[in-house]
Amino acid sequence: MQRRYFFHIRDGGFVSVDDEGMEFATPREADAYGARIAFEIGTDDRDYNDAELSVVDARGNEIGRHRIHRLLPH
């Protein structure tokens, strides 16, 4: 059975709340997707000093947290 997971981003005091989410068969799949998205965000041409992506299930339980690091040279 597919379940909905949400991917919220916190960057310092700014929080971007994912209202839509995506469906995955397992929490592990959702967490792996969250890790990939955090990695991809890190390739943006922007500095991320204190940013992270949280993977949250439909009940509001955090199942994973991934730091976002800038991957491009300064």
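Everything below is about the structure shown above.
In what follows, the accompanying structure is described.

Attention now goes to the nonpolar core. Most often, soluble globular proteins have nonpolar side chains that are buried together. Ranked by size, the top nonpolar core spans 13 residues in total, and within it Phe 7, Phe 24, Ala 30, Ile 41, Leu 53 and Ile 68 carry the most contacts. The set of elements that each furnish at least two residues to this core consists of β1 (3-11), α1 (27-41) and β4 (51-57). Ala 30 has contacts with Tyr 5, Phe 7, Phe 24, Val 55 and Ile 63, leaving out every residue within four places of it along the chain.

This brings us to the packing of aromatic side chains. Evaluation of the coordinates by the stated rule reveals 4 aromatic pairs. Taking 5.1 Å as the distance between ring centres and 70° as the angle between the ring planes, the aromatic pair formed by Phe 7 and Tyr 33 counts as edge-to-face. A residue pair is termed long-range when its members are at least 10 positions apart, and Phe 7 in strand β1 and Tyr 33 in helix α1 qualify at 26 residues. Neither Phe 7 nor Tyr 33 differs from the other in exposure class; each is buried. One aromatic cluster is present, built from ring pairs that chain together Tyr 5, Phe 7, Phe 24 and Tyr 33.

Rules and cut-offs
Residues numbered from 1 in each chain as written. Predicted model: local features only at pLDDT ≥ 70, side-chain atom pairs only at ≥ 80, totals over all residues. Heavy atoms only, no water. Core = buried A, V, L, I, M, F, W, Y, C linked by side-chain atoms within 4.5 Å. Buried < 20%, exposed > 50% of the residue type's maximum accessible area, 1.4 Å probe, protein only. Helix = DSSP H or I, 4+ residues; strand = E, 2+ residues; numbered from the N terminus. Contact = heavy atoms within 4.5 Å. Phe/Tyr/Trp six-rings, centres within 6.5 Å; stacked < 30°, edge-to-face > 60°.

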